[in-house]
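# Structural characterization, general
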Amino acid sequence: MNLFENENADPSSSSENRIISAEEPLPRYLEGLNPPQREAVETLDGPVLILAGAGTGKTKALTSRMAHILQTRRAWPSQILAVTFTNKAAQEMRDRVSQMVGGRVEGMPWLGTFHSICAKILRYHAELAGLNANFTILDRDDQERLLKQLISAANIDEKKFPAKSLAATINRWKDQGWLPEDVPKRWRGEFNGRGLALYEEYQERLTSFNAADFGDLILRVVDIFRRQHDVLARYQHRFRYILVDEYQDTNVAQYLWLRLLAQAHRNVCCVGDDDQSIYAWRGADVNNILQFESNFPGSKVIRLEQNYRSTTHILGAASGLIDRNVGRLGKTLWTDKAQGEKVRLIGHWEGQDEARWICSEAENLTRETGMRRSYEYDEMAILVRASFQMREIEDRLMAIGLPYRVVGGPRFYERREVRDAIAYFRFAVSSQNDLAFERIINVPKRGVGEATLQRIHLEARDRRVSLSEAASQLCRESKITGKAAVGIRKLLGRQAVWAGMIRDGGRAHIEVAGQILEESGLPEMWTNTKTPDAPARLENLKELVKALEEFENIQGLLEHVALNFENVQRSQEQGILLLTLHSAKGLEFPVVFLPGWEEGVFPSQRALEEEGDPGLEEERRLAYVGITRSMEICSVSFASARFVFGRWRTQDPSRFIGELPVKHIEDMTPPGLSPGFGFQAARSSQLPVDRSFDSDVYSSPGFQRMARRVAERGRFGTAGFSRRRLESSSSAKLEAGDRVFHQKFGYGTVKSSSASSLSVAFDKSGDKKVLASYVERVDNDGPVA
Ligand code: ATP
Ligand code: MG
C-alpha cells in the first residue's frame with residue numbers, strides 16, 4: 001500500500017485553476033447555490049467555518065466545494081481529506097460529488113469517517129505506535145472484558161468499581177487526547193485513585209495484544225504526528241484541502257488531529273450547527289465549533305440562514321423549541337417554502353394505540369387528498385429516542401404488512417437476545433427442536449463447549465434421536481460429566497416442567513413465558529453483563545414478554561416470528577425507515593413520525609436524573625434534530641400509559657411538547673384524552689398526575705380501561721396479567737355493521753353476532769368466524785377511545 005502515490009503531483013499547473021468569473025456560464029454544481037453558499041464554495045484559501053442551522057444546505061455547500069476543488073484542479077482527489085460522521089454519510093458524499101463532476105471521485109482514498117481514516121493511517125505507521133500493521137480493533141465489549149481482567153488482577157471489587165465505569169473514564173481521557181502521562185493531576189484520583197495506573201496497564205496490554213480500541217485510533221495517530229515531524233509533514237503536505245461535516249460532534253482528540261493536519265496548507269473547511277450537537281455523552285465538545293475562529297486564526301465564518309428543507313410550520317416549531325436552550329449561539333432561519341401543515345401532536349392511551357395510529361396514518365398518506373399529495377412509504381421515517389421503542393411499532397407494521405427497514409441494527413426479532421429467548425420458547429414447546437437446543441445449550445454458559453456439542457451430534461446421529469435425547473443419554477452414561485452434565489440435566493429438567501405447563505394451559509401464557517425466561521438465566525446473564533449494550537438487551541427481553549400479550553399463546557408468537565421473519569429476506573430494501581434520532585443526523589424525509597414524547601423516554605430518564613441542565617439541553621437538541629429531519633409532514637406523539645421495564649406505567653407528556661409554539665401545532669389528541677391531557681397538560685403543568693383540572697379524563701371509557709389494565713397487571717412474570725388486552729375492550733356488544741380489527745385478519749365488518757362469536761367479513765381475508773373477545777371495535781379505522 002502506498003499512501004503517498006501522486007504526492008508531488010501538482011494539479012494546479014492546469015489553466016483551470018481559477019475562480020469562475022461573472023461572465024462565463026456557471027458550472028452545474030454552482031447553479032442554484034445562494035450567495036453565502038457560493039462564497040463557502042469559492043473561498044478556497046484559508047480556514048472556513050460554515051455555521052448554520054438545520055437544512056440550510058451546509059452539506060450541499062461542502063460537497064459542491066469538493067466538486068469545485070476537483071473541477072478547478074486545485075487538488076487531485078487523493079489530496080482532499082473529507083471527514084464525515086457515519087459511513088452512510090461518507091457514501092452519500094461520494095455519490096453526490098461523483099454526480100457533480102461526472103465520475104472523477106472513484107479515487108478519493110481519504111473520504112471517510114474519523115475512525116476509518118485514522119485506522120488507515122495507523123496501519124501504515126503501526127510500528128511507530130509499537131503495533132503490527134495487522135492490529136485488531138477492539139470493540140466496546142472486548143474493551144470491557146479486558147478491563148474486567150485488569151480490575152480483578154488488581155484485587156479491586158468489580159461490584160463497587162465496575163469495568164463499565166473504568167471504560168467510560170478511559171474513553172473520556174482518550175477523547176480529550178490524553179495518553180496516561182497527559183492526564184491532569186486533578187483527574188488522576190478517578191476510580192478510587194487507581195484509574196491512572198489501570199489506564200497505563202491497559203495501554204500496555206493493548207500493545208502486547210497488538211490491539212487498539214476506538215479511542216486509540218485517533219489518539220495514537222495524534223501521538224505519532226506529535227513525535228514524528230517527518231511523518232506529520234508528509235500528511236500536511238498531502239492534504240491540500242480538508243473538509244469536515246457535522247463538526248459540532250467532534251471531540252478534542254479529533255480536533256487536535258485536524259489542527260495538526262491543517263497547519264501547512266491551512267485550507268480547512270468545517271461545517272456544523274451547535275444546535276445539533278448530540279454526542280456530548282460520547283465526548284463530543286461543542287467548544288470546537290464555538291472557538292473555531294480562535295483555533296484557526298484568519299478564518300472566515302459563513303452563516304447560512306435560508307432553510308431549503310422544511311415548511312414554515314415545521315421550521316417554526318423546531319426553532320421555538322431550541323430557543324429554550326440557554327447555551328447556544330442563536331440563529332435566524334427562514335424559508336420561502338409554503339406554510340404547509342402544522343406539526344401534528346397526538347396523544348394516545350397506550351403505546352399500542354400510538355403504533356396503530358402511526359401505521360394507519362402512514363397508509364393514509366399514500367393516498368392523495370384535495371389538500372396534499374400522496375407519499376411513498378420510502379419517503380417516511382419513524383424516529384425513536386431509544387431502540388426498545390421499535391418493537392411495538394415493528395409488530396404493528398408487520399401485522400398490517402407495511403414495508404419497512406430498520407437502520408443501525410437488526411430488526412427486533414432478529415436481535416441476538418430476542419432470538420435466544422425465542423429459542424428457549426421453542427425448546428420449551430418441544431425438546432425435539434434441535435436448532436433451538438443448539439442455540440441455547442451454552443447460553444448462558446453451562447460448560448458445554450464445541451467438543452461436547454460435537455459429541456452430542458455424533459450420538460444423536462448414531463442413535464437417530466434428537467440432540468436433547470442424545471445429551472441426556474450421554475449424561476446418564478457418564479460420557480459427559482462435570483459442569484456440563486450438571487447444566488444439561490438441569491436444563492432438561494426445566495424443559496419437562498415448561499412443556500407440561502404449556503400443554504395443560506392452566507396458567508396464563510404470559511406468566512408461563514415469564515417463568516421460562518427467568519429460569520433460562522438470560523435476564524440474569526444480561527444483568528451481570530457490564531457492557532454498554534446490556535441494559536438495552538435486558539429491556540428487549542422484557543419487551544418480548546410484552547409482545548406475547550398480543551398472542552393467544554406462546555405458540556402464536558412463535559408462529560408469528562417464523563412466518564414473518566425467518567423466511568423473509570433479512571432486511572427490506574424499501575419501505576418506511578425506522579431508526580433512532582441519533583442515526584438520523586444529516587438525513588431528511590418528506591414525512592417524519594416522532595413517537596414516545598414522554599418524560600423518562602424523551603427526555604430520557606438518564607437526562608432527567610442528571611444534575612443541572614446540560615443533559616436536558618442535549619435532549620432538546622436531539623428533539624430539534626428530530627423535527628428538522630421533516631420536510632413536509634411531522635407528527636409528534638405520546639402515550640399516557642406504557643409497559644416499561646415489565647410494568648404498566650402512566651406516562652407524562654414530554655416537557656418538550658409544552659415548549660412547541662402553539663401557532664405551529666395542531667393538537668389532534670382525541671376527545672377524552674384532551675383537552676387537558678396532551679398539549680395543554682404539557683404546557684400547564686407537565687404533570688397529568690395532577691388531573692384535578694379535567695375530571696372528564698377520569699370518567700372517559702378509555703381512561704377507565706387503561707386504569708383497569710394498569711391495576712390488573714402485576715410484575716414481569718407474575719400472576720395478574722389479563723389474558724389478552726382485547727378482552728376488556730370488547731365488552732361492549734358488537735352488532736352487525738360494526739367495524740372491527742382482528743390481530744391476524746385485519747379490518748372487517750361484523751355480519752352477525754352470537755353470545756361469544758362473530759361472523760365477520762374481513763377486508764382482506766374474507767369471511768371468518770372469530771371469538772368476540774379477539775376483536776376490537778374500531779371507528780374510521782382507528783380505535784374507539
Ligand atoms: P443538516 O443540518 O440537517 O445536516 P444541512 O445544512 O447539511 O442540514 P443539506 O442537507 O445540505 O442541509 O440541505 C438540505 C436540503 O436543502 C437538501 O435537500 C438540499 O438539496 C437542499 N438545498 C440546499 N441548498 C439549496 C439551494 N441553494 N437551493 C435549493 N435547495 C437547496
Ligand atoms: Mg448536513
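To start, this report covers the structure provided alongside it. Position labels on residues start from 1 in each chain and follow its written sequence. Chains and ligands are labelled by the order in which they are written, letters from A for the one and numbers from 1 for the other. Local features in this predicted model are restricted to residues of pLDDT 70 or higher, and side-chain atom pairs are both shown and tallied only at a pLDDT of 80 or more, whereas totals for entire chains, interfaces and linings draw on every residue. As a rule here, side-chain values come from all non-hydrogen atoms in the structure, and water together with hydrogens is ignored.

## A look at the sheet that holds strand E7 (residues 268–272)
- In this description, strands pair whenever DSSP reports at least two bridges between them. Each helix is a run of H or I in the DSSP string that is no shorter than four residues. Each strand is a run of E no shorter than two, and both are numbered from the N terminus. Spatial ordering of the open sheet is given by E3-E2-E6-E7-E1-E8, a layout of six strands whose pairing is parallel. The sheet terminates laterally at strand E3 (111–113) and strand E8 (300–304), the two strands that pair on one side only. For this sheet, the mean inter-axis angle between neighbouring strands, taken without regard to orientation, is 15 degrees.
- Where strand E2 (residues 80–84) lies against strand E6 (residues 241–244), four bridges are found, and the strand directions are parallel. Within E6, the position partnered with Val83 by the bridge is Val244.
- Contact criterion: two residues are considered in contact whenever any of their non-hydrogen atoms come within 4.5 Å of each other. Axis geometry follows a simple rule: fit a line to the C-alpha atoms, using only the stretch in contact for helices, then measure angles between N-to-C directions, giving values from 0 to 180 degrees. Relative to E8, helix H1 (residues 35–42) is tilted by about 145 degrees, and along the sheet it contacts strand E1 (48–52) and E8.
- Here helix H2 (residues 58–71) sits on the sheet and contacts E1, E2, E3, E6, E7 and E8; the angle it forms with E6, its principal contact strand, is near 165 degrees.

## Looking at the pattern of salt bridges
- Salt bridge, as applied in this entry: a Lys or Arg side-chain nitrogen positioned within 4 Å of an Asp or Glu carboxyl oxygen. Going through the model one piece at a time under the given rule, you end up with 40 salt bridges.
- Here Asp213 makes a salt bridge to Lys174, at a shortest N to O gap of 2.8 Å. Here Asp213 is found in strand E5 (residues 211–213), whereas its partner Lys174 is found in helix H6 (residues 163–175), with 39 residues between them in sequence.
- Each residue is placed in one exposure class: buried if its accessible area under a 1.4 Å probe, protein chains only, is under 20% of its type's maximum, exposed if it is over 50%, and partly exposed if it falls in between. A relative accessible area of 2% places Asp213 in the buried class.
- Exposure remark for Lys174: the relative accessible area of 1% places this residue in the buried category.
- Salt bridges here are not isolated pairs; linked through shared partners, they connect Asp273, Asp274, Asp275, Asp323, Arg328 and Lys331.

## Thoughts on the pairing of strand E9 (residues 343–350)
- The element E9 is largely enclosed, with a buried count of eight among its eight residues.
- For E9 and strand E16 (residues 665–667), the ladder comprises three bridges, and the chain directions are parallel. Note on E16: the bridge partner recorded for Val343 is Ile665.

## Describing the site of ligand 1
- Any residue with a heavy atom lying within 4 Å of a molecule or strand is counted as near it. The environment of ligand 1 is made up of 18 residues, and the closest members are Gln37, Lys58, Thr59, Glu588 and Arg629.
- Side-chain polar atom of Gln37 to a nitrogen atom of ligand 1: 2.8 Å apart, as the coordinates give it.
- Here an oxygen atom of ligand 1 and a side-chain polar atom of Arg629 are 2.7 Å apart.
- Summarising the interface, the protein chains cover 84% of the accessible area of ligand 1, which totals 640 Å² for the free molecule.
- Here the shell around ligand 1 takes three residues from H2, the largest share from any one element.
- Lys, Arg, Asp and Glu make up the charged group, whereas Ala, Val, Leu, Ile, Met, Phe, Trp, Tyr, Cys and Pro make up the nonpolar group; the residues left over, Gly among them, are polar. Grouping the constituent residues of the shell around ligand 1 by class yields three nonpolar, 10 polar and five charged. Two N or O atoms form a polar contact when they lie within 3.5 Å of each other; inside protein one atom must be a possible hydrogen donor and the other a possible acceptor, and for residues adjacent in sequence the pair counts only when both atoms belong to side chains. Surface accessibility follows the Shrake-Rupley procedure with a 1.4 Å probe radius. Residue values consider only the protein chains on display as shielding.

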